[in-house]
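# Structure assessment
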Amino acid sequence: MRIDQRMTIYTAAELKPRLLAEIADSAVPSVDLSAVQEIDAAGLQLLLLARREAAAVGREFRILEPSECVREVLSLAAVSYMDSGPTSLGGPAT
Amino acid sequence: MNLDQAFETYVHESRDLLQQMEELLLEFSQGRSDPESVNALFRAAHTIKGSAGLFGLDGIVDFTHGVESVLDLVRDGAVPMTPDLAALLLECRDHMAGLVEAVAAGTELDDEALRTGAELQRQLGTYLGGEASAAQSPTAVVETGGSGVAGDEGYWHISVRFGRDVFRNGMDPLSFMRFLSTVGRIVAVTTLAHEIPAADEMDPESCYLGFEIGLVSAADQSTIEGVFDFVRDDCTLQILPPTSRAADYVALIEALPADEVRVGDLLVRCGAITEAQLEAALRIQGAEAAGIGDAAAQARLIGEILIAQKSVAPPVVEAALDKQKQLRDGKAQESRFIRVDADKLDRLINQIGELVIAGAGINLVAKRRGAADLLEAASVLGTLVEDVRDSALQLRMVPIGATFNRFQRVVHDVARDLNKDIALLINGGDTELDKTMVERIADPLMHLVRNAMDHGIEPTEVRVQNGKPARGTVKLNAYHDSGGIVIEVGDDGGGLKTDRIVAKAVSRGLIPEGAALTQREIHELIFEPGFSTASQINNLSGRGVGMDVVKSSVTDLRGTVEVDSREGEGTTIRIRLPLTLAIIDGFLVGVNDSVFVVPLDMVEECIEFTDAARTEARGREFVNLRGQVLPFIQIRDLFEIGGQPARRENILVVRYAGQRAGLVVDELLGEAQTVIKPLGKLFQKVRGIGGSTILGDGRVALIMDIPGLLRHVHGKATNREGASATALQ
Amino acid sequence: MAKTILVVDDSASLRQVVGIALKGAGYQVVEGCDGKDALTKLDGRSVNLIISDVNMPNMDGISFVKEVKKLPNYRFTPIIMLTTESLEAKMKEAQAAGAKAWVTKPFKPDQMLAAVAKLCLP
């Protein structure tokens with residue numbers, strides 16, 4: 001799936017069912033975040049929820065092509081994500 | 001920031017507001033009053049004060065604060081708006097106008113106006129009923145936004161759990177994290193999402209997040225707490241300052257829903273402990289099972305660890321970060337290491353030893369045959385064998401850091417038992433040496449550290465009396481030096497007291513009364529069997545293990561111990577160890593038919609023992625080496641070899657631990673790799689010989705114990721090596 | 001994209017000084033002279049933070065906060081209330097309405113910037 005709006009407290013209620021549906025319906029659940037222009041902790045929280053829910057059914061939830069603001073947040077929160085290439089890890093912001 | 005225009009706005013605005021106040025107050029003085037007018041009056045004063053503060057106009061802020069406070073009471077109905085009060089407020093308004101015009105003109109109020117202001121404030125104070133005197137300066141109250149810099153950088157651990165309503169209140173926890181990085185450096189973050197309920201029950205607009213944050217900052221506690229001011233009622237916040245104890249971290253970690261594996265991981269990731277410390281902690285756990293350490297004590301001072309880290313500052317912090325990164329790389333990391341049975345490793349090294357000998361044999365044969373091609377092939381082989389040997393030895397090398405870190409706990413526990421305040425500083429933890437050596441040096445180090453704390457560091461009162469910092473310091477240091485490793489155990493305590501050592505040595509019969517000893521020789525006395533400098537027997541020193549045991553343990557490792565002590569300043573015990581026990585680069589010398597090996601890294605130079613020098617040195621035991629006195633040993637005499645000296649003798653100048661001596665030998669035979677074979681039991685106590693080896697042609701050569709020989713040369717006059725030394729002379 | 005801050009206060013000089021400080025730090029600033037005026041500025045534009053005085057004519061700060069909380073596109077905007085010690089009761093009211101951050105008057109521009117930075121860096 002692809003999210004092309006902001007991932008914030010304003011859109012969290014709408015995004016939650018979409019993310020859960022992706023996990024339920026897709027054999028390889030993933031989300032393309034290349035078009036996300038704004039993300040806050042509510043958005044981050046949804047990604048963490050999705051990852052946990054996917055793991056609960058034995059799948060890996062992939063975060064694909066995070067946009068710059070998403071990268072900043074993942075790095076700030078030290079949350080790892082799959083990049084297009086090999087595993088890359090978010091380090092702490094310095 | 002150009003505020004000129006804004007300032008002009010302020011003056012105009014204040015004039016308008018003062019005008020408004022005047023009109024309202026005149027109405028009040030005629031007995032009219034309605035709530036909205038009181039409110040407007042209050043608002044005017046409030047605005048004048050608020051804006052004055054922005055420009056730093058403290059005079060206006062101070063005075064208007066009183067007016068505002070009284071109007072607030074009127075607004076609440078606590079004080080009635082009487083004509084008298086209206087008249088007073090009118091006078092106050094006039095004074096405010098005077099203040100505003102003064103700042104507008106850039107002048108100061110005259111003395112009379114200042115007196116009027118003070119008098120008006122006093123009168124306003126009577127309405128405020130003492131509790132909030134108008135004279136009180138509100139600027140002092142708001143002085144909370146200072147730089148908050150407290151001094152040195154320290155490691156802070158912040159543990160925060162945000163409340164459910166945080167998002168709804170417009171707060172983004174990530175904003176606080178970003179702001180944190182402006183008051184310090186965030187070195188570690190762990191995001192906690194475990195409070196997120198089951199998907200069905202999870203409210204996407206509620207916040208379930210928490211963070212564990214490692215922050216390196218010079219800010220003070222209130223500044224760091226201040227970051228979370230706006231969510232204070234809406235979060236659980238715990239801040240561990242740099243002086244926190246490990247127990248605080250443990251409590252924090254225990255409050256987390258983490259399994260055991262994760263606890264250590266979390267601590268490392270948050271930088272509360274380094275990976276090496278985690279390793280050390282795990283070892284201590286193991287050691288506890290074996291009876292070392294006190295299981296009840298958990299309170300190691302994190303501050304001490306951090307001071308220790310700080311002593312090697314930025315590179316270490318970077319290294320710690322690298323290590324953290326490696327740790328996150330968990331799986332990749334695991335596959336990079338293979339656990340190997342130490343016995344297998346030893347077998348490999350033994351075999352390489354044999355290979356070295358065999359290679360030397362081929363070389364010898366090639367030389368004898370004069371076969372140039374064979375010689376060349378043998379030389380290539382030799383180089384490769386040398387490389388393989390180095391790599392194999394490297395396999396056995398481990399950093400001494402893990403051993404050092406074990407002492408954090410020891411120092412903490414012992415300091416508590418002794419009721420002393422002692423910090424442990426560690427340096428050179430990444431210095432590598434042979435695994436066997438690391439294992440065997442641990443006990444002597446333990447003894448030295450305990451000794452430094454017990455006998456070295458003075459009681460706190462004494463330290464304070466002597467103008468020293470109340471907290472004592474024990475230092476562990478390791479570094480490479482001329483082909484060996486040096487390990488130092490230092491303290492900043494009282495130093496060795498020479499008169500007491502001499503008195504005790506005399507009473508123990510170790511030295512005759514009135515013996516003339518150098519400072520160094522006196523210090524060496526503490527290594528004598530049974531010698532103890534403790535003035536009282538306690539459970540630390542009363543274990544029957546003395547410095548003599550330390551010395552013999554080190555000697556067994558082909559190492560040496562020396563003392564460096566200054567009375568009142570402290571003591572450093574310096575242990576020198578060879579890097580490895582197995583193979584050395586040797587220099588071969590011949591005396592008559594015997595061949596001896598001298599460790600190459602101790603050879604300084606070779607000189608010819610000329611006839612002239614021989615004549616000059618006759619009857620003495622030293623020669624003149626470029627104007628310096630060089631004591632020498634006749635190897636022929638020392639080992640009672642017999643035979644006639646060669647017509648041309650040579651002197652091999654050796655050096656160890658800053659001391660030099662010459663060894664008089666017949667022939668110089670050149671370099672060779674030497675596999676050390678231990679001497680049989682019978683020869684173990686022979687002075688001057690440290691081991692044996694087999695030469696390429698199958699002959700046995702003895703390896704000279706240069707440190708022992710140097711001690712012999714330099715300590716000849718007052719030689720008291722104790723029972724372990726039986727000289728061969 | 002620069003962060004936008006809505007500054008609401010009846011004092012033009014305060015808005016001006018705060019505006020200069022915020023712009024200097026890299027924020028965009030929109031001004032409102034009271035609650036009513038400020039609501040008209042919440043017209044669909046992106047606003048990352050609101051700074052509002054408590055005591056203002058026409059519509060005071062508390063009523064303004066309550067109105068903001070009703071706007072679907074602005075209800076989660078962080079709000080800094082400008083308060084004084086003498087307005088503690090008002091402050092509690094504002095917090096209950098959902099404005100959890102505050103700066104105490106009188107303040108220096110730097111103090112305002114520090115408070116703003118905690119909620120949103122430029």
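All residue numbers refer to positions counted from 1 along the written sequence of the respective chain. Whichever chain is written first is A, and whichever ligand is written first is 1; the rest continue in order. Given that this is a predicted model, residues contribute local features only at a pLDDT of at least 70 and side-chain atom pairs are listed and counted only at 80 or more, while totals for whole chains, interfaces and linings are drawn from all residues. As a rule here, side-chain values come from all non-hydrogen atoms in the structure, and water together with hydrogens is ignored.

## Here we look at the overall build of chain A
- Secondary structure elements follow DSSP: runs of H or I of four or more residues count as helices, runs of E of two or more count as strands, with numbering from the N terminus. Regarding its fold elements, chain A presents 3 helices and 4 strands.
- In chain A, which comprises 94 residues, the share counted as buried stands at 51%.
- Whether two residues are in contact is decided by their heavy atoms: any pair within 4.5 Å suffices. Excluding contacts between residues fewer than 6 apart, the proportion of contacts in chain A whose partners are at least 24 apart in sequence is 64%.
- We get accessible surface area from the Shrake-Rupley algorithm with a probe of 1.4 Å; when it comes to residues, only the shown protein chains can shield them. When the accessible area of chain A is evaluated, it comes to approximately 4,000 Å², of which 50% is carbon and sulfur surface. In this scheme, a residue with accessible area under 20% of its type's maximum is buried, one over 50% is exposed, and one in between is partly exposed, where area comes from a 1.4 Å probe on protein chains only.

## Describing a nonpolar patch on the surface
All names here are of chain B.
- Residues Ile362, Val365, Leu374 and Leu381 make up a contiguous nonpolar surface patch of roughly 280 Å² in combined accessible area.
- At the level of elements, helix H15 (342-369) and helix H16 (372-395) are the ones that each hand at least two residues to the nonpolar patch.
- Its relative accessible area of 38% is what places leucine 381 among the partly exposed residues. Without a salt bridge and with relative accessible area above 30%, a residue can belong to a patch; like charges are then joined within 9 Å and nonpolar side chains (Val, Leu, Ile, Met, Phe, Trp, Tyr) within 5 Å. By definition here, a salt bridge exists when the distance from a side-chain nitrogen of Lys or Arg to a carboxyl oxygen of Asp or Glu is within 4 Å.

## Overview of the packing of helix H3 (residues 61-68) of chain C against helix H4 (residues 88-97) of chain C
Residue and element names in this part refer to chain C.
- Between N-to-C directions, angles span 0 to 180 degrees; the directions come from axes that are lines fitted to C-alpha atoms, helices contributing only their stretch in contact. It is at 9 Å that the axes of H3 and H4 come closest, and there the two elements cross at 5 degrees. Classified by the angle between their axes, H3 and H4 sit roughly parallel to one another. Residues Ile62, Val65 and Lys66 of H3 touch H4, and the partners they reach there are Lys90, Glu93, Ala94 and Ala97. Under this scheme an angle from 65 to 115 degrees is roughly perpendicular, one under 35 degrees roughly parallel, and one over 145 degrees roughly antiparallel; angles in between are oblique.

## Concerning the pairing of strand E9 (residues 484-491) of chain B
Residues and elements named next belong to chain B.
- The buried fraction of E9 amounts to 8 of the 8 residues, a majority that puts the element mostly inside the structure.
- Here E9 shows a buried face lined by Gly484, Val486, Glu488 and Gly490 and a second buried face lined by Ile485, Ile487, Val489 and Asp491.
- Two strands qualify as a pair provided DSSP detects at least 2 bridges between them. Both strand E8 (residues 472-481) and E9 contribute to a ladder of 8 bridges, which runs antiparallel. When the sheet's bridge partners are listed, lysine 475 is paired in E9 with glycine 490.
- When E9 meets strand E11 (residues 570-578), the two strands line up antiparallel, connected through 8 bridges. Residue pairing across strands places valine 486 opposite arginine 576, the latter belonging to E11.

## Here's the deal with the sheet that holds strand E6 (residues 422-427) of chain B
All names here are of chain B.
- Across the sheet, which stays open at both edges, the 5 strands sit in the order E6-E8-E9-E11-E10 with mixed pairing between neighbours. The open sheet is flanked by E6 and strand E10 (560-566), the only strands paired with a single partner. Taken over all neighbouring pairs, the strand axes of this sheet differ in orientation by 15 degrees on average, direction set aside.
- Along the sheet face, helix H22 (residues 547-556) touches E10 and E11 and points at about 25 degrees away from the line of E11.

## A word on the nonpolar core
- Of all hydrophobic cores here, the largest spans 124 residues; its most connected members are Val67, Phe162 and Phe211 of chain B together with Ile51 of chain C.
- The greatest single-element share of this core, amounting to 10 residues, is contributed by helix H4 (residues 83-105) of chain B.
- An automatic or database domain assignment supplies the residue ranges for each domain. Looking at this core, you find at least three residues from each of domain 1 (3-143) and domain 2 (154-292) of chain B.
- Apart from residues no more than four positions distant in its own chain, isoleucine 51 of chain C is found in contact with Ile5, Leu6, Val7, Val8, Val18, Leu22, Ile80, Leu82, Met112 and Val116 of chain C.
- Buried Ala, Val, Leu, Ile, Met, Phe, Trp, Tyr and Cys residues that are joined via side-chain atoms within 4.5 Å together make up what is termed a nonpolar core. Membership of the second largest hydrophobic core comes to 46 residues, among which are Leu476, Leu496, Ile501 and Met547 of chain B.

## Some thoughts on unusual backbone geometry
- A cis amide bond links lysine 105 of chain C to the next residue, proline 106 of chain C, at an omega of -5 degrees.
- Mapping proline 106 of chain C onto the fold places it in the loop between strand E5 (101-104) and helix H5 (109-119).

## A look at the interface of chain B and chain C
- Contacts between chain B and chain C engage 47 residues on the former and 42 residues on the latter.
- By definition, the buried area sums, over both parts, the 1.4 Å-probe accessible area that each loses when the two are put together. Taken together, the two surfaces of chain B and chain C that pack against each other cover about 3,700 Å², and 62% of this comes from carbon and sulfur.
- With its nearest N and O atoms 3.4 Å apart, the salt bridge here joins arginine 75 of chain C to glutamate 205 of chain B.
- Counting residues per element, the ones that place at least two in the side of chain B that touches chain C are helix H1 (4-29), helix H2 (35-54), helix H3 (58-75) and helix H7 (173-183) of chain B.
- Of the residues forming the side of chain B that touches chain C, the biggest block, 10 residues, is contributed by H2 of chain B.
- Here the residues of the side of chain B that touches chain C are counted per class, giving 16 nonpolar, 17 polar and 14 charged. Three classes are used: nonpolar for Ala, Val, Leu, Ile, Met, Phe, Trp, Tyr, Cys and Pro, charged for Asp, Glu, Lys and Arg, and polar for all others, with Gly counted as polar.

## Things to note about the packing of H1 of chain B against H2 of chain B
All names here are of chain B.
- Two numbers describe how H1 lies on H2: the axes approach to 9 Å, and their chain directions differ by 150 degrees. By the criterion of interaxial angle, the relationship of H1 to H2 is roughly antiparallel. As for the relative orientation of H1 and H2, their crossing is left-handed in sense. Residues Tyr10, Glu13, Ser14, Leu17, Leu18, Gln20, Met21, Leu24, Leu25 and Phe28 of H1 form the contact with H2, whose own contacting residues are Ser37, Val38, Ala40, Leu41, Ala44, Ala45, Thr47, Ile48, Ser51 and Ala52. By definition, any crossing whose near helix is turned counterclockwise from its far helix by less than a right angle is left-handed, and any crossing with a clockwise turn is right-handed.

## Side note on H1 of chain B
- End to end, H1 of chain B covers 37 Å across 26 residues, agreeing with the expected 38 Å (1.5 Å per residue, within 8%).
- Residues of H1 of chain B that are buried: Ala6, Thr9, Tyr10, Val11, Glu13, Ser14, Leu17, Leu18, Met21, Leu24, Leu25 and Phe28 of chain B.
- In this fold, the buried residues of H1 of chain B make contact with H2, H3 and H4 of chain B together with helix H1 (12-25) of chain C.
- Directly after H1 of chain B, the chain includes glycine 31 of chain B, whose backbone phi takes a positive value near 95 degrees. To estimate how far a helix should extend, the number of its residues minus one is multiplied by 1.5 Å.

## Quick word on the packing of aromatic side chains
Residue and element names in this part refer to chain B.
- For Phe, Tyr and Trp, where Trp contributes only its six-membered ring, two rings pair if their centres lie within 6.5 Å, and the inter-plane angle classes them as stacked under 30 degrees, edge-to-face over 60, or tilted in between. Counted according to the given criterion, the structure contains 10 aromatic pairs over all chains.
- Arranged with centres 5.4 Å apart and planes meeting at 45 degrees, the rings of tyrosine 10 and phenylalanine 55 form a pair that is tilted. Of this pair, tyrosine 10 sits in helix H1 while phenylalanine 55 sits in the loop between H2 and H3; the two residues are 45 residues apart in sequence, bridging distant segments of the chain.
- Overall, phenylalanine 55 belongs to the buried group, its relative accessible area being 17%.
- With a centroid separation of 6.0 Å and an interplanar angle of 35 degrees, the aromatic rings of phenylalanine 176 and phenylalanine 228 are classed as tilted. Of this pair, phenylalanine 176 sits in helix H7 while phenylalanine 228 is found in the loop between helix H8 (221-226) and strand E4 (235-240), placing the two residues 52 residues apart along the sequence.
- Residue classification places phenylalanine 228 among the buried residues on the basis of a relative accessible area of 1%.
- Definition used: whenever NZ (Lys) or CZ (Arg) falls within 6 Å of the ring centre and also within 35 degrees of the ring normal, the charge is taken to sit over that ring. Stacked on the ring of phenylalanine 42, the Lys or Arg arginine 75 has its end atom at 4.0 Å from the ring centre.

## Regarding the pattern of salt bridges
- Overall, the coordinates contain 39 salt bridges over all chains when judged by the stated rule.
- Across the salt bridge formed by aspartate 421 of chain B and arginine 471 of chain B, the nearest N and O atoms sit 3.1 Å from each other. Taken together, the residues span a long stretch of sequence, with aspartate 421 of chain B in the loop between helix H17 (401-418) and E6 and arginine 471 of chain B in the loop between helix H19 (460-465) and E8 at a distance of 50 residues.
- Residue classification places arginine 471 of chain B among the partly exposed residues on the basis of a relative accessible area of 25%.
- Lysine 105 of chain C is paired through a salt bridge with aspartate 9 of chain C; the nearest N and O atoms lie 3.3 Å apart. Taken together, the residues span a long stretch of sequence, with lysine 105 of chain C in the loop between E5 and H5 and aspartate 9 of chain C in the loop between strand E1 (4-8) and H1 at a distance of 96 residues. Exposure class is identical for lysine 105 of chain C and aspartate 9 of chain C. Each is buried.
- Linked by salt bridges that have partners in common, Glu458, Arg463, Lys468 and Asp492 of chain B make up one network.

## Description of the sheet that holds E5 of chain C
All names here are of chain C.
- The strand order across the open sheet built from 5 strands is E2-E1-E3-E4-E5, with neighbouring strands paired in parallel fashion. Of all the strands in the sheet, just strand E2 (28-32) and E5 have a single pairing partner and so form its edges. Going across the sheet, the axis of each strand differs from the next one's by a mean of 20 degrees, ignoring polarity.
- Bridge analysis of E1 against strand E3 (residues 49-53) gives 4 bridges, and the strand direction is parallel. In the sheet register, leucine 6 faces E3, and the bridge partner there is isoleucine 50.

## Quick word on the side chain of asparagine 55 of chain C
- Assignment of secondary structure puts asparagine 55 of chain C in the loop between E3 and H3.
- The contacts of asparagine 55 of chain C, once residues within four sequence positions are left out, are Asn39, Phe42, Arg43, His46 and Arg75 of chain B together with Asp10 of chain C.

## Comments concerning the confidence of the model for chain A
- The predictor attaches a confidence to each residue, and that confidence, scored 0 to 100, is pLDDT. Averaged over all residues, the pLDDT of chain A is 82; the fraction at 70 or higher stands at 85%.
- Considering only residues more than four positions removed or in separate chains, one finds that residues 83-94 of chain A, a stretch of pLDDT under 50, has 25 contacts.

## Let's talk about helix H25 (residues 706-714) of chain B
- With respect to burial, H25 of chain B is a largely interior element, 7 of its 9 residues being buried.
- Buried residues of H25 of chain B: Ile706, Pro707, Gly708, Leu709, Leu710, His712 and Val713 of chain B, and no others.

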